[in-house]
Structures are given as structure tokens and as C-alpha cells.
Amino acid sequence: MTKKERAIMITERLEKAYPDARCSLNYKEPHQMLIATQLSAQCTDARVNIVTVPLFERYRSVDDFADADYDELCEYIRSAGFYRNKAKNIIACCTRLRDVYGGELPDTMEELLTLAGTGRKTANLVLGDIFGKPAIVVDTHCIRLSNRMGLTSKSEPEKIEAELKRLIPPEKSTAFCHRLVAHGRAICNARRPKCEICPINDICRRTGVKS
């Protein structure tokens with residue numbers, strides 16, 4: 001079995017196991033996803049979803065965030081960790097969205113990367129979930145699982161992204177990454193993976209095929 005063939009089989013099995021997998025961050029507007037994803041750095045999605053309830057009630061638009069008082073914004077996001085730097089980036093990011101893009105999120109990787117606090121992981125999440133473009137979101141689950149499954153031996157996120165783009169069908173790439181998160185939380189966790197009940201244990205490099 002080639003790596004490409006195994007990748008497609010893994011994609012299909014995860015699709016059956018987690019048909020409804022989606023981004024676990026709560027948002028209603030595109031800019032809210034961008035901000036929630038920035039807040040999720042070094043913070044759990046569950047905590048971010050708590051923080052964003054009052055945050056998105058207080059700041060409703062890109063303009064609201066761009067004009068936010070720094071100290072006040074810090075208080076709203078304090079429990080998300082690294083709040084000072086995150087507040088600074090959110091204000092700068094939304095200022096650029098307002099001044100350069102008319103308050104709308106750009107739909108290219110190159111433009112998204114010009115926004116403060118936005119790296120490739122965040123940009124890919126926006127491209128995939130907001131704009132429906134093929135995207136590989138390399139988070140901690142993706143790094144751990146793709147290595148365990150034998151889809152890559154890389155540790156650098158950008159190299160993992162490039163390798164998975166060659167293996168995963170483009171139209172399934174965004175959903176595949178959401179399913180990796182679901183699988184990583186339910187079965188293939190960091191310390192004690194439940195390999196005995198894993199739906200891909202016969203084709204996983206860790207427990208199944210060794211070629």
C-alpha cells in the first residue's frame with residue numbers, strides 16, 4: 001500500500017467515524033472566527049468559547065475591535081492567556097481589515113498573513129471554513145496524528161502542510177483536519193491512545209502496516 005492509498009483510506013474511515021466534525025470554536029461572523037482562532041493560541045477551544053460570549057457581545061464589528069480600548073480588551077480576554085499580546089494583535093488586525101479591506105476578510109493566504117496575529121494555521125482555517133477553499137490546518141492534533149499514522153515524518157508545520165496537500169484530496173482537506181481533531185480528542189490522544197478501538201488501527205503506521 002502506498003502512502004497516498006493509505007491516506008485516502010484513512011480519510012474515508014475518519015469521514016465515517018466523524019461525519020459531523022466541524023470547527024469547535026463558536027462564531028457567527030467571519031471576523032469572529034479569525035479572532036477566536038487567534039485567542040486559541042496556547043488556550044483550549046472550550047475556554048475560548050467561554051471568553052467569546054461576552055467579548056462578541058461587547059465588540060460586535062470589525063470597527064468595534066479596531067477602536068477598542070486596549071486595557072478594556074485585555075480584561076475581556078485575560079483568561080485566554082497571553083492576553084496583552086493577543087489584545088494588541090486583535091486591534092492591529094481589525095484596524096488593517098477596516099482600513100485596507102473595507103472590514104471584510106481577504107480570501108488569499110498571502111493577504112491573510114499580513115494581518116497581525118495571523119499565521120498559516122489561522123489563515124488555513126479561515127480559507128477552509130469561511131471561503132470553502134482547500135486547506136490543511138496544522139495544529140497539535142494534526143502534527144501528532146499525521147506522524148503516528150505514517151503520513152509524514154516531519155515536525156515543522158509548513159512541511160507537514162505541504163506533504164498532506166499531496167496526499168489528501170483537496171475537496172476533503174478541510175473536513176479531514178477537523179476529523180483529526182475529533183479523533184485526537186476521542187481516541188488518538190497524546191498520552192494513552194486507544195488503539196484497540198481505533199477505526200484505522202489496521203492501516204495506521206503505529207499499530208498496523210509497517211511498510
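Everything here concerns the structure above.
Note that the coordinates shown come from a computational prediction; the quantities given were computed from them, not determined experimentally. (Residues numbered from 1 in each chain as written. Predicted model: local features only at pLDDT ≥ 70, side-chain atom pairs only at ≥ 80, totals over all residues. Heavy atoms only, no water.)

*Asks:* How do you make sense of the layout of surface pockets when you look at a structure like this?
*Replies:* One simple way to see leftover space: roll a probe sized like a water molecule over the atoms. Space inside the largest pocket adds up to approximately 810 Å³. Along the wall of the largest pocket there are 31 residues; nearest its centre are Ser40, Cys43, Asp45, Lys121 and Asp139. Broken down by secondary-structure element, the contributors of at least two residues to the lining of the largest pocket are helix H2 (30-39), helix H6 (83-101), helix H8 (120-129), helix H9 (140-148) and helix H11 (173-186). When grouped by side-chain class, the residues that make up the lining of the largest pocket number eleven nonpolar, 14 polar and six charged. Of the voids in this model, the second largest pocket is the one considered here, and its volume is about 270 Å³. Along its surface, the second largest pocket is lined by Asn26, Tyr27, Lys28, Glu29, Gln32, Asn49, Thr52, Val53, Phe56, Glu57 and Arg60. Residue contributions to the lining of the second largest pocket peak at five residues, all from helix H3 (residues 45-58). (1 Å grid on protein atoms, 1.4 Å probe; cavity = no way out; pocket = protein on both sides within 12 Å on 5 of 7 lines; lining within 4 Å. Points joined across faces, edges and corners; volume = space filled by probe spheres on them. Helix = DSSP H or I, 4+ residues; strand = E, 2+ residues; numbered from the N terminus. Nonpolar A, V, L, I, M, F, W, Y, C, P; charged D, E, K, R; others polar.)

*Asks:* For this particular structure, what's the right way to read empty space enclosed by the protein?
*Replies:* Under the criterion given, the structure shown has one cavity of 30 Å³ or more. Each pocket or cavity is described by its volume, and for the largest cavity that value is around 70 Å³. Arg148, Met149, His183, Cys188, Cys195, Cys198, Ile200, Asn201, Cys204, Arg206 and Thr207 are the residues that line the largest cavity. For the lining of the largest cavity, the residue count by class is six nonpolar, three polar and two charged.

*Asks:* Just to check I follow, could you spell out H11 for this structure?
*Replies:* Compared with the 20 Å implied by 1.5 Å per residue over 14 residues, the 20 Å span of H11 between its first and last C-alpha is a close match. In terms of residue burial, H11 counts as a mostly covered element, since ten of its 14 residues are buried. On its buried face, H11 sits against helix H1 (3-17), H8 and H9. (Expected span 1.5 Å × (residues − 1). Buried < 20%, exposed > 50% of the residue type's maximum accessible area, 1.4 Å probe, protein only. Contact = heavy atoms within 4.5 Å.)

*Asks:* How should the pattern of salt bridges be read in this particular structure?
*Replies:* Oppositely charged side chains are able to pair whenever their charged atoms sit close together. With the rule as written, the count across this model stands at 13 salt bridges. Put simply, Lys3 and Glu163 hold a salt bridge, and the shortest N to O gap is 3.1 Å. Of this pair, Lys3 sits in helix H1 while Glu163 sits in helix H10 (residues 157-167), and the two are 160 residues apart along the sequence. A relative accessible area of 33% means that Lys3 is categorised as partly exposed. Notably, a salt bridge pairs Glu161 with Arg120, separated by 2.7 Å at the nearest N-O pair. With Glu161 in helix H10 and Arg120 in helix H8, the pair connects residues that are 41 residues apart, well separated along the chain. (Salt bridge = Lys/Arg side-chain N within 4 Å of Asp/Glu carboxyl O.)

*Asks:* What is the right way to read the packing of H2 against H3 from this model?
*Replies:* When two helices pack together, their arrangement is captured by the angle between the axes and the distance separating the axes. Contact geometry for H2 and H3: axes closest at 10 Å, N-to-C directions at 135°. By the angle between their axes, H2 is oblique relative to H3. The crossing of H2 and H3 is right-handed. Side by side, H2 and H3 meet where Gln32, Ile35, Ala36 and Leu39 of the first sit next to Val48, Val51, Thr52, Leu55 and Phe56 of the second. Residues that form the contact of H2 with H3 fall into these classes: seven nonpolar, two polar and no charged. (Axes fitted to C-alpha atoms, helices over the stretch in contact; angles between N-to-C directions. Parallel < 35°, antiparallel > 145°, perpendicular 65-115°, else oblique. Left-handed = near helix turned anticlockwise from the far one by under 90°.)

*Asks:* Would you mind going over the environment of Pro30 with me for this structure?
*Replies:* With respect to the element layout, Pro30 can be found in helix H2. Exposure remark for Pro30: the relative accessible area of 33% places this residue in the partly exposed category. The sequence separation of Pro30 and Glu104 amounts to 74 residues, and the corresponding C-alpha distance is 8.2 Å. Setting aside anything within four residues of it in sequence, one finds Pro30 in contact with Leu105 and Ile130.

*Asks:* Please explain the nonpolar core as it appears in this structure.
*Replies:* Buried together is how nonpolar side chains tend to be arranged in soluble globular proteins. In terms of nonpolar packing, the biggest core is built from 62 residues, with Leu39, Leu55, Phe65, Leu73, Ile77 and Met149 touching the most fellow members. With eight residues, H6 is the single largest residue contributor to this core. Among residues more than four places away in sequence, those in contact with Ile77 are Leu39, Val51, Leu55, Tyr83, Lys86, Ala87 and Ile90. (Core = buried A, V, L, I, M, F, W, Y, C linked by side-chain atoms within 4.5 Å.)

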